[in-house]
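Coordinates in review
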Amino acid sequence: MPAVSFEHIVKRYGAVTVLDDLNLAIEDGDFLVLLGPSGCGKTTLLNLLAGLLEVSDGRITIGDRDVTELDPKDRGLAMVFQSYALYPTKTVRGNLKFGLAASKLPSEEVERRIAWVAKMLQIEPLLDRKPAQLSGGQRQRVAIGRAIIKKVDVFLFDEPLSNLDAKLRTEMRLEIKKLHDELKSTVVYVTHDQIEAMTMATKIAVMDGGVIQQFGTPDEVYEHPANLFVAGFIGAPAMNMRSATLAVKAGKVEAVFKSGARLDVSDYPFQAPARDGLAVVIGMRPEHFTIGEAASGGTAQFTLPVLSAERTGSDATLYLTFEDEMLALRVAPDLAAGLRVGSTVPVQFQAGKANLFDAQTGRRI
Amino acid sequence: MSQVSVSERAAAAGEVPVTRAPYFVRKKKGITPRSIAVLVFLTICALFFCVPLYVVVVTSFKTMDQIREGAIFTLPHIWTLEAWDHAWNHACSGIKCDGLKVGFWNSVSILFPSLILSISLAMVTGFALALWNVRWAGGFLFLLFICAFVPFQIIMYPLIVMTTTTKIYGTLWAVAVIHAVLAMPVLTLIFRNYYKDIPTEIMSAAMMDSGSFWRIFFEIIVPMSGNILIVVLILQITSIWNDYLIGVTFGGLTGQPMTVNLANLITISTGTTNYAHNMAAALLTAIPPLVVYFLVGKLFVQGVTAGAIKG
Amino acid sequence: MRWSRIAPQLALTPALAITAVAFVGSIGWTIYLSFTRSRRLPEYGIDWSEWGRQYDRLFRDAGWEISLRNLIVLGLGSALAIVFGFILAAMIDKEKRGESFFRTVFLYPLAVSLIVTGAAWRWILNPTLGAQSFLRGLGWEVDFNWLAQGDTAMYAIILASVWQSAGFYMALMLAGLKGINTEIWSAAKLDGVPLWRVYLEIIIPMMKFTFITCAILLSLGVIKAYDVVVAMTNGGPGQSTWVPAYFTINALSAKSNLGYASAAAVMMLVITLVVFIPLVALTVWQQRKREAAR
């Protein structure tokens with residue numbers, strides 16, 4: 001039985017429909033990340049699950065209970081907010097205690113839980129301080145503590161790391177993941193940061209315009225994006241897209257670029273037989289290019305002029321011009337150092353790594 | 001390299017600092033003639049504002065003989081507390097001649113219940129309208145806005161009937177309750193606007209943690225209301241203490257606040273008017289809110305402004 | 001129905017009840033009474049052939065006419081408080097020195113009851129023992145006996161009102177002035193614009209919102225004026241300082257004519273709305289313009 005399920009969810013604000021017939025099932029123990037750009041509907045979906053917003057139509061179930069009409073406090077959920085939302089006039093202890101305000105636990109149990117949470121999150125020395133006296137990372141922990149203390153099965157996170165600096169973010173990512181493993185709970189996590197999604201999720205739901213574009217594991221979403229949006233959203237630097245046409249002749253399928261260059265995609269796992277003349281978009285990830293002459297067949301060979309090179313110490317991105325547009329490649333930093341702007345470079349691309357999308361619908365072929 | 005200058009380091013080392021002669025002698029700015037003119041004008045205006053207070057104070061300490069001399073601005077030859085004593089203990093208001101102390105304690109007795117009633121109701125109502133999803137909240141707020149501006153006279157008679165029917169007419173309770181009723185729209189708007197500024201996520205967290213209207217109100221919202229409470233208190237204390245119309249309409253003979261005592265004293269002249277008594281009485285009535293004013297000046301301004309702009 | 005929906009609505013019932021009964025109901029009640037012939041006690045039958053009877057009487061009543069005239073006089077005179085307040089605010093804002101001191105002095109009248117204010121000024125205007133005799137003693141032949149004559153009595157009331165409220169408008173203006181970007185002043189200085197022109201052509205137009213707010217508050221205060229009239233003149237000499245609020249209360253308490261008083265009260269409401277609605281509409285329009293400009 002899924003831990004959380006959304007069935008035919010519709011959400012309208014007056015004349016505007018933000019979510020239309022959205023369906024999603026989350027398994028017990030999953031760490032589901034709702035990933036997408038601002039305005040895609042991920043936070044709306046989270047708030048619907050929390051009960052902070054009401055559905056216009058549809059059903060939400062948690063476990064075997066229909067919670068669509070229940071108040072937030074009755075749903076068996078806990079939530080961590082982007083701005084932590086700690087109660088400013090209460091101490092850390094008071095904040096944690098209030099987390100149990102809706103439960104009718106005896107005071108010894110409450111005290112026991114406060115001690116347990118404080119130990120687990122290492123906030124014991126902070127218990128008598130007020131939020132204003134805490135640092136960003138400490139406030140975050142207290143917010144998480146306020147959620148954990150409820151001992152519920154489902155945790156919701158609303159972009160909790162976006163207010164932290166880069167170093168803290170990495171630390172907290174690991175901590176949240178560790179907590180998930182320890183508590184064996186189900187997590188629904190909203191973010192626009194794909195690195196958070198890729199590193200923490202067991203399942204990712206990529207959203208855009210109120211629609212789930214793809215639902216799958218991080219590997220699936222990365223290796224086999226379902227449409228152009230997912231392909232372009234995941235991966236940094238972004239996947240290179242080029243228009244091409246399919247040429248099917250005697251069992252051999254080739255993708256013909258605008259410039260005339262050809263790529264043999266006969267071994268591509270087409271979902272339906274390839275049609276000759278079909279307009280497609282080829283997606284090529286920057287890390288699937290290599291610099292140098294072709295060693296074997298099955299790769300496409302190009303010789304392209306260098307536009308610029310960006311080095312970030314441990315990484316380097318090389319930008320070449322291909323068909324009057326920029327092509328991004330991942331290269332070793334020392335290699336990038338030796339290349340001059342304007343010089344040409346031989347480049348190969350492994351045909352097996354190509355992603356083909358229907359140029360009209362954007363969907364993966 | 002630290003930002004310490006050569007002379008500072010020398011001073012630190014115990015050596016005598018060497019001050020260098022300036023390269024160019026610059027004329028000091030000083031006070032411009034315009035500044036002087038402005039300050040003089042402002043001071044004259046300040047005097048204009050202080051004149052009534054000065055006159056009232058000075059007159060209250062004079063003997064009636066000196067007052068009859070007609071020199072209103074001179075200081076008392078003899079400083080006497082006779083007027084003060086008379087005003088406090090023997091001034092006549094209507095039939096009773098027990099002094100303004102009666103009115104003083106009446107005003108105090110009106111103040112407390114009225115404050116408690118009006119502020120608690122306004123806080124709860126403002127909270128409900130600001131942070132909860134009530135479909136008709138917008139319409140109600142608009143209605144409150146209108147009610148805040150209607151003249152008292154249009155609801156005066158019905159309110160008199162209501163207080164008479166509930167048998168509180170003519171007592172302190174009527175004055176207190178009517179003050180609370182009249183203040184409700186303004187105070188609710190003030191609290192509502194204040195609570196609207198509370199970050200939404202705090203309310204969301206509270207809904208997930210507790211979801212209880214009253215628990216969230218008492219444990220989260222009220223503790224966060226300190227700032228606006230002080231401002232509202234000052235506004236209400238001043239407004240209730242200084243009010244005359246409600247007091248005279250609803251107080252009858254036993255529930256007269258101090259302002260009514262004072263008005264009776266100065267308007268009903270039986271025999272010769274003792275101006276010293278009148279001025280002492282006026283001062284006695286003015287002192288409590290003036291004390292509040294001088295103690296919390298800045299907040300006072302906020303209070304009155306908030307009441308005026310309805311938050 | 002969710003409890004989270006019910007709870008706040010329950011909590012709102014007392015406020016709703018008060019609004020419905022004490023405000024809406026009472027207004028309706030008074031309006032109804034204004035069409036009746038109620039005298040000391042309410043009569044609820046309306047004679048439909050003469051439903052506007054009280055209003056007819058009202059519009060022909062000399063006392064009401066005086067009240068309306070005085071309302072306008074008081075309004076115009078009290079508007080001086082806004083001008084005065086602005087000048088004080090502009091000076092304090094520019095000068096900066098002694099701001100705290102001057103603000104404290106100019107604002108203290110707000111803390112004092114209008115009865116006290118009226119009493120104080122009445123005393124100062126005493127012809128034989130007050131300011132007039134003092135100034136005459138110095139050799140200035142002034143006539144300060146405003147309260148004794150019908151045509152000057154309102155000036156005394158205006159004087160007391162301005163004294164009371166100028167500080168308040170000054171505070172509002174100061175807040176408005178502080179909201180003006182200092183760069184505007186710098187730009188004007190660089191352009192060499194004379195100061196009075198800066199105020200007139202740049203600053204005051206920028207403070208439209210503040211001025212309108214002051215206008216609204218002033219009008220409401222003027223319509224409500226009652227305490228200060230009681231303390232200074234009790235409507236006298238004769239009826240020369242009657243104002244609508246005084247008229248209405250007099251009709252109820254002294255004349256015991258409920259229907260008549262109700263009609264006067266309804267007219268007071270009408271006057272309030274006539275003044276209030278356009279000014280508020282203006283404020284909202286100004287605010288929308290501001291927001292659009294951002």
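Refer to the structure presented above.
Owing to the predicted nature of the structure, the values given are computational and were not obtained by experimental measurement.

Considerations on the overall build of chain C
- Secondary structure summary: chain C contains 13 helices and zero strands in total.
- If you list the helices and strands of chain C from N to C, you get α-α-α-α-α-α-α-α-α-α-α-α-α.
- Here chain C holds 294 residues, and 43% of them are scored as buried.
- In chain C, 72% of the contacts between residues at least 6 apart in sequence involve partners at least 24 apart.

Thoughts on the sheet that holds strand 13 (residues 262–264) of chain A
Residues and elements named next belong to chain A.
- Across the sheet, five strands lie side by side as 13-12-11-14-20; this open sheet has antiparallel pairing. On the outer flanks of this sheet lie strand 13 and strand 20 (355–358), each paired with one strand and no other. Neighbouring strand axes in the sheet, compared pairwise and without regard to direction, differ in orientation by 40° on average.
- The sheet contact formed by strand 12 (residues 252–257) and strand 13 spans three bridges and is antiparallel. Within the sheet, the bridge partner assigned to V256 lies in strand 13 and is R262.

Quick look at the interface of chain A and chain B
- Contacts between the two partners involve 18 residues from chain A and, on the opposite side, 15 residues from chain B.
- Sorting elements by how many residues they give to the side of chain A that touches chain B places strand 6 (residues 77–80) of chain A first, with three residues.
- Taken together, the residues that form the side of chain A that touches chain B break down as 13 nonpolar, three polar and two charged.

Brief notes about the interface of chain C and chain B
- Each partner contributes to the interface: chain C provides 74 residues, whereas chain B provides 68 residues.
- Top element by residues in the side of chain C that touches chain B is helix 1 (residues 3–33) of chain C. It accounts for 17 residues.
- Across the side of chain C that touches chain B, the residue classes break down as 53 nonpolar, 16 polar and five charged.

Quick look at the packing of helix 10 (residues 208–224) of chain C against helix 13 (residues 258–293) of chain C
Residue and element names in this part refer to chain C.
- Helix 13 packs onto helix 10 with a crossing angle of 170° between their chain directions and a minimal axis gap of 10 Å. Between helix 10 and helix 13, the interaxial angle falls into the category roughly antiparallel. Of the residues in helix 13, those touching helix 10 at K208, F209, I212, T213, A215, I216, S219 and I223 are M268, I271, T272, V275, F276, L279, V280, L282, T283, Q286 and Q287.
- Of the residues in the contact of helix 10 with helix 13, the class split is twelve nonpolar, six polar and one charged.

Thresholds applied
Residues numbered from 1 in each chain as written. Chains lettered and ligands numbered in written order. Predicted model: local features only at pLDDT ≥ 70, side-chain atom pairs only at ≥ 80, totals over all residues. Helix = DSSP H or I, 4+ residues; strand = E, 2+ residues; numbered from the N terminus. Buried ≥ 20, exposed ≤ 12 C-beta atoms within 10 Å, placed from the backbone. Contact = placed C-beta atoms within 7 Å. Pairing = 2+ DSSP bridges. Axes fitted to C-alpha atoms, helices over the stretch in contact; angles between N-to-C directions. Nonpolar A, V, L, I, M, F, W, Y, C, P; charged D, E, K, R; others polar. Parallel < 35°, antiparallel > 145°, perpendicular 65-115°, else oblique.

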